[in-house]
Every structure is written in C-alpha cells, then in structure tokens.
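Tertiary structure, described
Each chain, written out:
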Amino acid sequence: MSRSCCNNGNSARNWSGRNRASPAITRASTYRDDGTVLGVNPGEFLGIRNMNSETSARVHAAEQALSDLIRAAEAFHAAGVGPLVRASEAIIASIEAGGKVLIFGNGGSAAEAQHWAAELTGRFLRERRALPAIALTVDTSALTAIGNDYGFDRIFERQVEALGAPGDVAIGISTSGKSANVIRAMESASKAGLTTIALAGTQQRPELACCNHCISFPAEATPRIQELHLLAIHVVCDLVEAHFAGVEADDRDTNGSMPLCNAA
Ligand SMILES: O=C(CO)[C@@H](O)[C@H](O)[C@H](O)[C@H](O)COP(=O)(O)O
Ligand SMILES: [Zn+2]
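Since the structure is predicted, the reported quantities are computational estimates derived from the model, not experimental observations.

**A word on helix α4 (residues 108–121)**
Compared with the 20 Å implied by 1.5 Å per residue over 14 residues, the 20 Å span of α4 between its first and last C-alpha is a close match. Those residues of α4 that fall on the buried side of the exposure criterion are S109, A110, E112, A113, W116, A117, E119 and L120. Residues of α4 that are buried in the fold lie against α3 (82–96), β1 (101–105), β2 (133–135), β3 (169–173), β4 (195–199) and α9 (222–244).

Have a look at this one:
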C-alpha cells in the first residue's frame, strides 16, 4: 500500500519488506518502507504528526513490548520445541485412550484455558472429530460454591477431583508459577493418575516444576509470558489436530498455510 493513500502508520507498513525482521523493530521509527531515512519528524513513519514527550514515551513502550516478545520467542525457539511436541503427544495419547483434557488458570490464563478447550471441542483449523476438553474456569456456580465453601485455593482442585479420571490430562497455566489454586489442582491431578502439563514463566514452585511436562517460557513480564503461552497453545492445538485430522503436521502448502482454514 502506498503511504500517500493513508495517514495511518500501521497500514503503511510493508511486512514483507525491511521492517519484517526483529532487529527492524528498533529502526521502525527511523526508516520509511522503501528504506530511505526519515527526516525532520521522527513520528512520520508511525503517522504521528506531533511527537511530544508523552507520545514519544508511548512509542517507546509499544516498541519495547514488541521487541521483548520477539526476544523471548527467539529464546524459546532456540531452546527447542521439544516440550511442545511432547505435550501434544501426551494429549493425543490420552484422547486416543478415551481420556479428556481439563484446563485451568487465573485471569488471562483463565481466558486461555477457555480458548484452548474451545479449539479442541470445536476446531482449530481443520475438520476432525470433536475432542474432549473442559475449561474449569467457566462454571460460575461451581467456582463460587467451591470458593465460598472450601476457599479460592480449591476451586480447580475440587473440580479435578470431581471430573478427572486416571489417564486424563490436567493442564495448569500460571505465569508466576505460584498460584495456589493451580498448584493444588495439579497435585490432586497427579495423585489421581492424570498426566500433568504446566505452562509457566521463568519460575515455578517445585510442585509445578515436577509435573509430567512443565513448560517454562523465558520472559519476565506477565503479559509477555501470556503471549508466549498463546503461541504454545496454538502450536500444540495444531499438532493434536493434525493427528486427529489424519494430516501430518508439516503438510502445508509452500506459504505455510493450513490445508483447510476456517472454511464454512
Ligand atoms: O492477564 C493478566 C495480566 O496480563 C492478569 O489478569 C493475570 O492473569 C492475573 O493477575 C492472574 O491472577 C495471574 O496469575 P498467574 O498467571 O500468576 O497464575
Ligand atoms: Zn493479560
């Protein structure tokens, strides 16, 4: 898109050009899409006419968030995708054997638990059979009753006791790795013979660290960890779904798109 047709810096970006790779994030406010150096107004590239100090601080904060995420994703990539593949194989094995997946977390991680369960029961990108997954964050009657009668620390544990069976998979998501309700549920799941998968950040309590699959993500800030969790969830969904769709995970066209993509 030509810059002249739009004042919005977002739509002026050419993602296939020089601003695509991570080092360009720091240069984004210095170069035009064609690579020529911007002149007087450092906000020109972003479509910002008056770059006062407050706006400049916003630009800095936004660029910092993007570069932090890219750096963390690169570090996770460099450490290898083995944990994601092993987690997906544990989920596949459980479902193949008639098991189900229970997923839980707090706040943004509650949203991801629901997101993940929805992609298994509905679909991610391909047609295949419905896969059994339950987010333990959605039943407000159970959450309030258990929280009120037994305490907030037991809201997931009690549901795992009620719904979990040996061979099922329990997935606890915690960016701090120390939320008591997630830890208690994982301990209970482990005792009951469920396979346990934890998504954490750089740190986690020993109870989470000794899950069957404890996947750590190399970021410090909660939102960056959450963003990496979402990436991991999508990758695992892709691998699980590929199995049940009878399609190999790498069976994509040369553009990297999926064989079937949200078609009605
Ligand atoms: O989404 C966010 C922050 O990005 C918050 O809602 C966040 O999820 C909440 O503070 C959670 O209580 C954090 O719990 P945890 O990830 O440490 O287990
Ligand atoms: Zn959040």
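**Observations regarding the nonpolar core**
Ranked by size, the top nonpolar core spans 34 residues in total, and within it I91, W116 and I171 carry the most contacts. For this core, the secondary structure elements donating two or more residues are α2 (53–79), α3, β1, α4, β2, β3, β4 and α9. With eight residues, α9 is the largest single contributor of residues to this core. In contact with I171, not counting residues within four places along its chain, are I91, V101, L102, I103, F104, W116, M186 and I197. Core analysis: the next-biggest nonpolar cluster, separate from the first, contains 19 residues, L136, F156, A189 and L194 among them.

**A word on the sheet that holds strand β5 (residues 213–215)**
Here we have five strands laid out as an open sheet, ordered β2-β1-β3-β4-β5, and parallel in their pairing. The open sheet has two free edges, formed respectively by β2 and β5, since each of these has just one partner strand. On average, each strand axis in the sheet is inclined to that of its neighbour by 15°, with strand direction left out of account. The sheet contact formed by β1 and β3 spans five bridges and is parallel. By the bridge assignment for β3, L102 is matched with A170. The sheet strands contacting α3 are β1, β3, β4 and β5, and the helix crosses β5 at an angle near 140°.

**Here's the deal with the packing of α4 against α9**
One way to put it is that α4 packs onto α9 with a least axis distance of 11 Å and a crossing angle of 15°. Considered as vectors, α4 and α9 are oriented roughly parallel to each other. Considering only the axes of α4 and α9, their crossing is right-handed. Mapping the contact onto sequence places G108, S109, E112, H115, W116, E119 and L120 in α4 and Q226, L230, I233, H234, V236, C237 and V240 in α9. By residue class, the composition of the contact of α4 with α9 is seven nonpolar, five polar and two charged.

**Quick look at the UniProt feature "binding site: Zn(2+)" (unreviewed entry) in the chain**
Residues given the UniProt feature "binding site: Zn(2+)" (unreviewed entry) here are H115, E119, Q226 and H234. Its location among the elements puts H115 in helix α4. With sequence-adjacent residues up to four places away left out, H115 is seen in contact with L230 and H234. With respect to the helices and strands, Q226 occurs in helix α9.

**Description of the pairing of β3**
Among the five residues in β3, five count as buried, and that is most of the element. Side-chain alternation along β3 places V169, I171 and I173 on one buried face and A170 and G172 on a second face that is also buried. Bridging between β3 and β4 involves five bridges; their strand directions are parallel. Directly across from I173, in β4, lies its bridge partner L199. In the classification by handedness, the crossover that spans β3, the intervening helix α7 (residues 180–191) and the parallel β4 is right-handed.

**Here's the deal with the environment of I146**
Structurally, the position occupied by I146 is in helix α5 (residues 140–150). A C-alpha to C-alpha distance of 8.8 Å links I146 and F156, two positions 10 residues apart in sequence. Excluding its chain neighbours within four sequence positions, the residues that come into contact with I146 are G151, R154, I155, R158 and Q159.

Conventions adopted
- Residues numbered from 1 in each chain as written.
- Chains lettered and ligands numbered in written order.
- Predicted model: local features only at pLDDT ≥ 70, side-chain atom pairs only at ≥ 80, totals over all residues.
- Heavy atoms only, no water.
- Helix = DSSP H or I, 4+ residues; strand = E, 2+ residues; numbered from the N terminus.
- Expected span 1.5 Å × (residues − 1).
- Buried < 20%, exposed > 50% of the residue type's maximum accessible area, 1.4 Å probe, protein only.
- Contact = heavy atoms within 4.5 Å.
- Core = buried A, V, L, I, M, F, W, Y, C linked by side-chain atoms within 4.5 Å.
- Pairing = 2+ DSSP bridges.
- Axes fitted to C-alpha atoms, helices over the stretch in contact; angles between N-to-C directions.
- Parallel < 35°, antiparallel > 145°, perpendicular 65-115°, else oblique.
- Left-handed = near helix turned anticlockwise from the far one by under 90°.
- Nonpolar A, V, L, I, M, F, W, Y, C, P; charged D, E, K, R; others polar.
- UniProt positions renumbered as here; feature names shortened; annotations may be inferred.
- Right-handed = clockwise from strand over helix to strand, strands pointing away.

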